[in-house]
Structures are given as structure tokens and as C-alpha cells.
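Residue-level structural notes
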Amino acid sequence: MKYMDEFRDPATAKKLVEEIKRLAPIARGQRDMPLQIMEFCGGHTHTLFKYGIESMLPADIEMVHGPGCPVCVLPMARVDDCVVIAEQPGVIFTTFGDAMRVPGTCKSLLQAKADGCDVRMVYSPMDALAIARKNPDRDVVFFALGFETTMPSTALTLLQAHREGLKNFSLFCNHITTPATMRAILTDPDLRLDGFLAPGHVSMVIGAHPYDFVTRDYRKPLVITGFEPLDILQALWMLVKQFAEGRCEVENQYARIVPEAGNVEGLKAIAEVYETREHSEFRGLGNIGDAGIQIRETYAAYDAERKFKLQAAASTHDPEHLKCADVLRGVMKPWECPAFAKTCNPQNPLGALMVSPEGSCAAYYAYGKLAKRKENT
Amino acid sequence: MCLGIPGQITELVDLEFLVAKVDIGGVKRDVIITCVVDDEHPAESCVGDWVLVHAGFAMSRLDEEEAARTLALLAELGDMQAEIDLMRQVETST
Amino acid sequence: MNLAGTITLAHGSGGRAMHQLVDNLIRQTFTNPLLEEGEDQARIPLAELVAQGDRLAFTTDSYVVTPLEFPGGNIGTLAINGTVNDLAVGGAKPLYLSCGFIIEEGLPLETFARILQSMRLAADEAGVQIVTGDTKVVQRGGADKLFINTAGVGVIPAGFNPSAGGAQVGDVVIVNGWLGDHGAAILNARGDLALEADIESDCAPLNALVEAMFAVCPDIHCLRDATRGGLATVLNEFAERSNVDMVLKEEFLPIRTPVRGMCEILGLDPLYLANEGKLVAVVPITAAQAVLAAMQRIPEGYHACIIGAVMEGDGHVILQTAFGGERIVDMLPGEQLPRIC
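Residues numbered from 1 in each chain as written. Chains lettered and ligands numbered in written order. Predicted model: local features only at pLDDT ≥ 70, side-chain atom pairs only at ≥ 80, totals over all residues. Heavy atoms only, no water.

1. A look at helix α9 (residues 257-266) of chain C
Rule in force here: Relative accessibility under 20% of the residue-type maximum defines a buried residue, over 50% an exposed one, and the middle range a partly exposed one, all with a 1.4 Å probe and only protein chains included. Only runs of H or I of at least four residues qualify as helices and only runs of E of at least two qualify as strands under DSSP, and these elements are numbered from the N terminus. The contact definition used throughout considers only heavy atoms, calling two residues in contact when any of these lie within 4.5 Å.
Counting buried positions along α9(C) yields 8 of 10 residues, so the element is predominantly enclosed. What α9(C) keeps buried is the set Pro258(C), Val259(C), Gly261(C), Met262(C), Cys263(C), Glu264(C), Ile265(C) and Leu266(C). Buried residues along α9(C) sit in contact with α2 (42-50) of chain A, β1 (5-14), β2 (19-24) and β3 (27-32) of chain B together with α6 (181-190) and β8 (195-196) of chain C. Positive phi appears at Gly267(C), one or two residues downstream of α9(C), with a value of about 65 degrees.

2. Some remarks on the UniProt feature "domain: PurM-like N-terminal" (unreviewed entry) in chain C
Under the convention used in this document: UniProt positions are given in the numbering used here, feature names are shortened, and annotations may be inferred rather than shown by experiment.
Under the UniProt annotation, "domain: PurM-like N-terminal" (unreviewed entry) lies at residues 49-156 of chain C. Within residues 49-156 of chain C, the helical portion is 31% and the strand portion 43%, while the C-alpha atoms at the span's ends are 9 Å from each other.

3. Section: the pairing of β1(B)
Across a regular strand the side chains alternate sides, sitting on one face of the sheet and then on the other. All names here are of chain B. Rules: Any two strands with at least two DSSP bridges between them are considered paired.
Bridging between β1 and strand β4 (residues 50-54) involves 4 bridges; their strand directions are antiparallel. Pairing of Ile-5 across the sheet is with Val-53, part of β4. Pairing of β1 with β2, which is carried by 5 bridges, proceeds in the antiparallel orientation. Looking at β2, one finds that Asp-14 is bridged to Val-19. Between β1 and β2, which pair antiparallel one after the other, the connecting turn spans 4 residues, and Leu-18 there sits at a positive phi close to 55 degrees.

4. Details of the nonpolar core
Filter applied, for reference: As used here, the term nonpolar core means buried Ala, Val, Leu, Ile, Met, Phe, Trp, Tyr and Cys residues forming a set that is joined through side-chain atoms within 4.5 Å.
Core analysis: the largest hydrophobic core is formed by 211 residues, its most contacted members being Phe93(A), Tyr274(A), Ile33(B), Leu231(C) and Met246(C). Sorting elements by how many residues they give to this core places helix α10 (residues 229-244) of chain A first, with 10 residues. In contact with Phe93(A), other than residues within four places in its own chain, are Cys82(A), Ile85(A), Ala86(A), Leu109(A), Asp118(A), Val119(A), Arg120(A), Val141(A) and Phe143(A). Within the second largest apolar cluster, 36 residues are counted, among which are Ile7(C), Tyr63(C), Ile115(C) and Ile130(C).

5. Thoughts on the environment of Ala362(A)
Residue and element names in this part refer to chain A. Relative to the assigned elements, Ala-362 resides in helix α14 (residues 360-376). Note: C-alpha distance between Ala-362 and Ala-352 (10 residues apart in sequence) is 9.1 Å. If near-sequence neighbours (up to four positions away) are discounted, Ala-362 is found in contact with Leu-353, Met-354 and Ser-356.

6. A short note on the UniProt feature "domain: PurM-like C-terminal" (unreviewed entry) in chain C
UniProt records the feature "domain: PurM-like C-terminal" (unreviewed entry) at residues 168-316 of chain C, using the numbering of this structure. In this annotation, residues 168-316 of chain C is assigned 36% helix and 18% strand; the end-to-end C-alpha distance for the span is 14 Å.

7. Some thoughts on the confidence of the model for chain C
Any segment with low pLDDT has predicted coordinates that should not be analysed in fine detail. This is how it is decided: The predictor rates its confidence in each residue with pLDDT, a number between 0 and 100.
Summing up the model confidence of chain C, the mean pLDDT is 95 and the portion of residues at 70 or higher is 100%. Reported for the predicted complex are a pTM of 0.92 and an ipTM of 0.91.

8. A few points about the packing of helix α7 (residues 207-216) of chain C against helix α10 (residues 285-295) of chain C
Two quantities define a packed helix pair, namely the angle between the axes and the distance from one axis to the other. Residue and element names in this part refer to chain C. Rule in force here: Here an angle of 0 to 180 degrees is reported between the N-to-C directions of two axes, which are lines fitted to C-alpha atoms, with helices fitted over the stretch in contact. In this scheme the handedness of a crossing depends on how the near helix is turned from the far one: anticlockwise by less than a right angle means left-handed, clockwise means right-handed. Following the grouping adopted for this structure description, the nonpolar residues are Ala, Val, Leu, Ile, Met, Phe, Trp, Tyr, Cys and Pro, the charged ones are Asp, Glu, Lys and Arg, and the polar ones are all others, Gly among them.
Between α7 and α10, the least distance of the axes is 9 Å, while the angle of their chain directions is 150 degrees. α10 is crossed by α7, and the crossing has right-handed handedness. Across the interface between the two elements, Leu-209, Ala-212, Met-213 and Val-216 from α7 touch Ala-290, Val-291, Ala-294 and Met-295 from α10. Grouping the constituent residues of the contact of α7 with α10 by class yields 8 nonpolar, no polar and no charged.

9. Here we look at the pattern of salt bridges
Residues and elements named next belong to chain C. Where we set the bar: Salt bridges, as used here, are contacts in which a Lys or Arg side-chain nitrogen is within 4 Å of a carboxyl oxygen on Asp or Glu.
Under the defined criterion, the tally for this structure stands at 41 salt bridges over all chains. Glu-69 is paired through a salt bridge with Arg-114; the nearest N and O atoms lie 2.7 Å apart. With a gap of 45 residues between them, Glu-69 in strand β2 (residues 69-70) and Arg-114 in helix α5 (residues 109-126) connect regions that are remote in the sequence. Judged by its relative accessible area of 31%, Glu-69 falls in the partly exposed class. The class of Arg-114 is partly exposed, set by a relative accessible area of 39%. Arg-327 is the salt-bridge partner of Asp-269, the closest N and O atoms lying 3.5 Å from each other. Here Asp-269 is found in the loop between α9 and β11 (279-283), whereas its partner Arg-327 is found in strand β14 (residues 326-328), with 58 residues between them in sequence.

10. Structural notes on the interface of chain B and chain A
In plain terms, the rule: The buried area of a pairing is the accessible area, by a 1.4 Å probe, that goes missing from both parts when the two are put together, added over both. Residues adjacent in sequence count toward polar contacts only when both atoms are side-chain atoms; beyond that, a polar contact is any pair of N or O atoms within 3.5 Å, and within protein one must be able to donate a hydrogen and the other to accept it.
Chain B puts 40 residues into the contact, and the matching count from chain A is 49 residues. In this assembly, chain B packs against chain A so that about 3700 Å² is buried in total across both faces, 72% of it on carbon and sulfur atoms. Our enumeration of links across chain B and chain A arrives at 2 salt bridges. Across the salt bridge formed by Arg29(B) and Asp127(A), the nearest N and O atoms sit 2.7 Å from each other. Counting the contacts that link chain B with chain A gives 9 residue pairs in polar contact (both at pLDDT 80 or more). Broken down by secondary-structure element, the contributors of at least two residues to the side of chain B that touches chain A are β1, β3, β4, β5 (57-61) and α1 (64-93) of chain B. If one sorts the elements of the side of chain B that touches chain A by residue count, α1(B) sits on top with 14 residues. A per-class count over the side of chain B that touches chain A returns 25 nonpolar, 9 polar and 6 charged.

11. Topic: the domain arrangement of chain A
Residue and element names in this part refer to chain A. We apply this condition: As used throughout, domain bounds are those supplied by an automatic or database domain assignment.
Looking at the assigned domains, one finds that chain A contains domain 1 (1-320) and domain 2 (324-376). The gap between the C-alpha centroids of domain 1 and domain 2 is 20 Å. Taken together, the 31 residues of domain 1 in the interface contact 24 residues of domain 2. It is Phe-49, Cys-72 and Arg-192 in domain 1 that bury the most area against domain 2; as a group they hold 22% of the surface buried on that side. Here domain 1 is connected to domain 2 by 1 salt bridge. Across the domain 1-domain 2 interface, the total number found is 2 residue pairs in polar contact (both at pLDDT 80 or more). Only β1 (35-41), α2 and β2 (61-68) provide two or more residues apiece to the side of domain 1 that touches domain 2. In terms of residue count, β2 provides more of the side of domain 1 that touches domain 2 than any other element does, 6 residues in total. Across the side of domain 1 that touches domain 2, the residue classes tally to 14 nonpolar, 9 polar and 8 charged.

Structure representation (C-alpha cells):
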């Protein structure tokens with residue numbers, strides 16, 4: 001497949017890995033621990049594991065899996081809200097597949113479906129809109145989840161519903177923004193990160209400049225990165241070069257997709273429909289100012305939160321012995337959590353990081369086995 | 001929520017609602033192209049474009065020149081590596 | 001029989017309508033001497049069975065699928081081939097099937113007749129007979145259009161004993177062709193993801209293929225069909241039960257481009273997609289080339305290939321990626337869901 005296979009070429013990967021290996025010790029310098037590079041986005045975590053990239057990296061580099069997996073930072077109370085909406089008579093609750101299995105305090109959407117709620121998986125918010133057109137006597141709600149990548153699609157869908165005057169379509173808005181979440185990580189006193197791979201598809205919407213504060217205020221180099229394995233290796237190479245040469249810049253590895261200024265039409269739609277929330281709770285990260293997004297008053301009729309008069313959810317905390325927060329912030333490795341692989345595993349996930357295949361705990365659960373096997377042989 | 005895949009626009013389906021068909025490895029899907037058209041690049045000129053598809057929306061026009069540049073750079077890197085290797089060999093043999 | 005109209009509760013009531021349905025449609029379509037005896041049970045001569053082997057293989061499976069008909073097959077062909085394959089991968093020669101229908105009232109008679117007809121064709125192709133059966137009709141909502149259960153018996157020739165626990169270090173892993181076609185075809189046919197792809201289910205009987213394999217290698221160590229949960233699930237079973245690692249080479253895995261495309265779009269892994277005409281065999285390396293050659297002479301095995309090897313380990317499936325890394329291919333905790341993350 002064009003524009004994918006070229007970026008999965010093993011021969012080029014080998015060369016890149018050689019280069020990274022050559023530069024890594026210089027880049028690491030006098031640090032007493034390996035370079036801590038956070039790939040913010042769950043999509044990158046997925047690529048790392050799918051292609052076994054970490055097994056190719058030198059010991060001077062350690063990847064820290066970031067919170068850029070929207071289902072991982074979704075507070076349980078929000079899943080409970082989804083279930084409350086889905087349980088209303090006449091509601092068709094539509095969602096991306098990712099959110100189906102995330103546990104709420106009492107059940108997931110998958111369980112709500114089994115209990116008789118009309119919960120449907122869709123590929124696109126536009127497909128949810130099509131369901132609304134076909135079922136004028138039902139209330140169709142779309143679970144708008146995700147970072148800036150997904151925001152234009154939900155905003156444009158809402159605007160389309162508005163143009164058509166559809167009264168039975170609404171969004172349950174749980175979008176979050178990347179820069180604010182990154183800032184929350186950077187202000188953490190326990191921070192031990194050295195640099196970032198920034199999410200390529202978020203960046204194709206917001207552009208390169210929203211990351212300027214990372215290099216300017218926090219002196220952490222950052223490379224906007226694509227999702228094919230060669231993209232990630234190239235970005236890591238660019239990052240270690242920055243360290244080795246003593247630079248600290250926002251660089252764009254993914255220029256074929258990410259324009260400097262982002263996507264004009266997408267940003268216009270976002271600005272038209274959404275505004276920032278003063279506070280929003282993230283699972284594991286607590287309250288982050290300005291990271292959450294809500295639907296503007298003008299489009300209140302399409303806001304499921306207003307339509308179904310959801311009570312502001314009491315914040316639900318993860319049990320004390322789960323260290324999701326520390327893992328999310330990159331302060332703790334998944335296996336250092338006392339629940340990891342013991343009470344919390346993919347069959348019976350307690351924390352959200354174990355639910356999503358992109359969650360770092362689920363990923364490490366599988367990867368850890370491989371590492372252990374290698375130790376044994 | 002970042003899963004995005006490059007696909008090629010094969011036909012326009014609806015000019016009013018800006019719907020086009022993309023082909024992704026032989027799989028076709030109608031997508032909204034609002035985010036990849038503007039006055040300079042109207043919908044009519046989209047057929048043949050490579051776009052990044054996410055959740056049923058074409059979210060970015062793939063810059064084929066940039067893609068070629070990235071690949072060329074990576075290929076060069078290999079040549080550079082070969083040169084370094086050669087130099088090392090020369091060094092060790094002398 | 002007039003095929004206008006739909007199946008109603010009367011067709012399951014035990015009265016005239018039911019007799020018409022069973023005698024004039026089902027029995028006529030499936031007709032064979034054992035079925036025509038018309039008793040409440042099929043009476044199978046033992047001597048014929050004993051002449052063919054030393055053990056009876058007996059299996060059952062229920063079939064539910066949405067939509068009922070899809071490119072490459074329908075629920076009926078699945079019900080025949082699925083049970084035939086469950087017998088075949090035990091080394092058995094499949095012989096007789098039972099067939100139970102649970103029909104939701106409202107199913108068009110024409111649809112039902114079409115499915116019956118394709119079951120007959122599938123049974124003929126596989127060389128099995130449907131010799132006993134049952135039909136129930138439930139009210140609307142009591143089932144989803146049509147459920148089918150088939151049970152099957154076959155005979156295992158002496159000496160054939162493939163087992164999930166039989167893999168040995170040094171063995172090679174073989175599949176008989178393209179992976180994930182059925183799972184992708186069903187996803188596509190459901191239509192709720194609004195994708196258009198030219199993908200057909202691989203639904204096919206595997207008994208001829210298995211027979212050819214055993215003919216050249218009676219000592220096949222493991223043999224399973226890779227249905228629900230796909231290749232990954234079967235190999236995990238082999239690895240766990242045999243307490244070895246199964247090491248796959250990604251570039252050897254045969255996956256069609258549109259199946260790959262669909263997986264890329266939906267964030268799915270083709271290794272977990274269902275197949276309905278694919279088997280996974282673990283054979284001694286000394287027999288591998290002979291088995292492969294025998295498979296490639298049978299249509300269901302034209303694209304047979306080696307995909308990996310059995311190595312010392314503690315029960316994992318490991319994929320060596322084309323990219324140069326490796327990863328564990330674990331069993332999934334539940335159904336694979338399309339994702340957008």
C-alpha cells in the first residue's frame with residue numbers, strides 16, 4: 001500500500017537504528033539514567049509494540065508511554081455518564097469501538113449493550129448522523145472522544161446536523177487538547193522526561209506552533225512524528241541529534257502530512273463549535289485547566305450533556321493501590337505498580353491503561369513476557 | 001484517537017456536501033473532504049489526491065513532494081552510513 | 001413447494017404446515033437413502049464405519065452469523081463446512097451430519113430454500129450426507145432470523161493422531177492460504193462501517209486437503225482449523241498445550257491487500273480475523289516439503305505456505321516483524337473491536 005509500505009522498509013530501519021546507536025551515547029552524555037523519551041500518543045505506542053521497535057533501540061534510550069490515549073485518561077465517571085445516556089428510553093448511543101470496553105464504576109458500554117441498551121459502534125461521526133436521519137423518532141448520541149485529531153470531524157458533523165435541522169442528534173463531548181495535557185506533564189515536580197515525540201495527527205490539525213512552549217519554557221526538544229515505524233525511528237534519530245548537538249527545537253518529521261499552520265478548515269470548525277472548559281478531570285492526571293472542551297452555547301441543542309441534564313459527576317478516584325497516575329505521567333514504569341499483572345491484567349483490567357491495547361500497561365503486559373523470555377535464554 | 005491512513009481520492013460523490021470516495025488498499029469508503037479543499041484547491045480538482053483519512057474525514061492533503069524528500073533523505077542516510085563504514089574499514093586496515 | 005411468503009409459527013407447530021416444510025422442502029433438498037428411511041433417527045451400519053478406521057470422531061457446532069448471506073457463502077455453507085472441517089482436522093473422514101434449524105418467524109421461504117440448496121451443494125462437495133435433523137420456529141425476537149446446529153460423525157484411520165499438545169521443537173508451521181478473508185468479508189457485508197471491498201469468505205471444506213496431507217505424512221503433530229479468533233488463537237493453543245514457542249515470520253504470512261487495507265482502516269490485526277477454510281498444521285521439518293507439495297495440488301491448498309517454526313519456550317506465539325523487531329501475539333481478552341485511536 002502506497003505511502004505505508006515505503007515507511008516500513010527493514011533495510012532503511014537498520015540504517016536508522018545504526019545511526020541512533022552511534023549518536024545515543026553522545027546524546028545521553030552524563031545523565032545517570034537513559035534518555036527518557038515520551039511518545040505522547042497512543043498511536044505511537046501501538047506502532048512501537050506492533051513492530052517491536054523498542055527491542056531494536058540501544059540501552060541509552062528509554063521510551064515512556066504518554067497519556068495520549070483518550071480512553072486511558074477518560075475518568076470512570078464519564079463512562080458512567082455514557083451508560084446513563086444509553087439507558088434513556090429511545091436513545092441510540094453511538095461510539096468508536098475503542099470506548100466499548102472501558103470500565104465505568106459499575107459497567108462498560110459493552111455491558112450496557114448486553115443489558116439491552118442500543119449501543120452501536122461506528123467508524124465515523126458522520127455514520128452516527130446517518131443513523132439519526134434514518135431514525136427520526138430516536139435520540140442519537142455520539143460519544144465525541146479524542147484529542148484534536150478527531151475534533152474537526154465531530155465539529156463538522158454537528159454543523160451538518162445543524163444545517164439539516166436535525167433535532168435528534170447530539171454529541172457527548174469529551175474532547176481534550178494536547179498542549180494543555182503536555183503542560184500538565186511538564187509541570188510535574190517528579191518529571192524525569194528528556195524529550196517528546198509529538199503526535200503527528202493532532203499536529204496536522206493544530207500545526208507546529210502550539211508546541212513552542214515545550215522547547216522555550218521547559219527546554220525539552222520535540223519532534224512531530226508520523227505513525228509508520230520508519231517515521232518513529234527517523235524522529236528518534238532527529239531527537240538524539242538534537243541532544244548530541246545541544247539543540248532544543250520543535251522539528252517536524254511528518255512534513256508530508258503536517259503543515260506548519262495546521263488545517264485551516266478544521267481549526268475553523270473547532271473554533272465555531274467548541275470552547276475550552278475551565279476544569280476537566282482526567283483519569284490519573286487529576287484536574288487540568290483548559291484541557292477539556294465543551295460545546296458552545298450557540299449549539300446547546302446538540303449538546304448531550306445539556307440535553308440529558310447530566311449532573312456534574314462527583315469525581316471518582318482510582319483505588320489507592322493503583323498507580324495509573326504515576327504511570328501516565330511517566331514517573332513510574334507499568335511493572336513498578338503493585339497491581340501490575342497481579343490483580344490488574346488484560347482479562348480483568350482495573351485501570352484504563354490495561355484496557356486499551358494502546359494503554360502502556362496492556363502493552364507492557366504482552367511485551368514483558370517477551371523481555372522475560374529473553375532474560376531466560 | 002489518532003488512527004489515520006493514507007488513501008487516494010478516486011471520485012467525487014457529492015459536491016454540495018463535499019463527499020468523495022477514497023481507495024485505501026482496495027477498500028473504498030465515502031469521506032468528507034471539507035478539510036482538504038479551499039479556493040485554491042477546489043473539490044473539483046481533488047480526484048487523484050492522496051489524503052490522510054481519519055474517522056471518515058479526509059484530514060490533510062498528503063504532500064507527495066515532502067514524502068519523496070523524506071524517503072530520499074533516508075536513502076541518503078544509508079549511503080552516508082556506507083561511507084562511514086568504508087572509512088572505518090580504511091582506518092582499521094591502515 | 002410454493003416458496004412465496006415467509007416462515008410462520010405454523011411451520012413449527014407439528015401440523016400440516018410443518019410436514020410440508022420438512023418433507024417437501026428440507027428432506028427433498030437433502031435427500032439420500034438414510035434420510036429417506038424417515039425414522040426419528042438415522043440408522044448407520046457399523047460395519048462400514050469399522051472398515052474405515054479404528055475411532056469414531058463426533059463433533060457439534062452451532063452457527064449464527066449476520067448477515068445470513070455474504071460474498072463467498074452463507075450460514076448454510078458455514079454449517080456444513082465448519083462441522084466437516086472440525087472432523088477433518090482430527091484426521092477423520094467426515095461421513096454423516098445432523099442438522100437442526102431454529103428459525104425466527106418471518107424468514108422468507110425463498111431465503112431458507114436458497115440456504116438449504118447451498119447446504120446440499122456443500123455437503124456433496126465435501127462428500128457427506130445430512131441424515132437426520134430438526135426444525136423449530138420461534139416467535140419474532142426469539143432468534144435472529146436463522147440459527148443452525150450441525151453435528152457430524154466421521155472415522156479416524158488408525159495411526160492418525162494430531163493433537164494441540166503435539167508440537168515439537170524444530171517442527172514447521174504451515175497454513176493453506178490467505179488469512180482473514182472470512183472475518184473481513186463479514187465485517188464488509190454487515191455494511192455498518194460503510195466500507196466497500198472486494199473480499200469473499202474463504203468458506204470451504206478441508207477434508208480432501210487433510211486427506212492429501214495425511215497421505216504423505218501420517219505423523220502430522222498438530223492440526224486445527226483457524227476459525228473464530230483466527231490464526232493467533234489456534235497457535236496460542238498449540239504453544240500453550242505443547243509448552244513450546246511458535247515463532248512466525250511476518251513476511252511469510254499470506255494476507256490479501258484488501259484485507260490488509262480493511263485492517264489498517266479499522267485498526268484490526270488480521271491474525272485474529274476468522275477464517276472458514278483455513279487450517280494450521282505443525283509438521284516435522286523432514287516432512288514439510290512433501291506436505292506442502294501435496295497441499296498445493298488441491299484447490300484449497302494452492303496457496304499453502306510455511307509461516308514459522310516451533311522453538312523452545314514456555315508457550316508463547318512470537319512474531320518476527322518484517323521490520324526487524326519481535327512481539328508477542330497473545331490471545332485476545334475478548335472480541336477484536338474496530339478502533340480509531
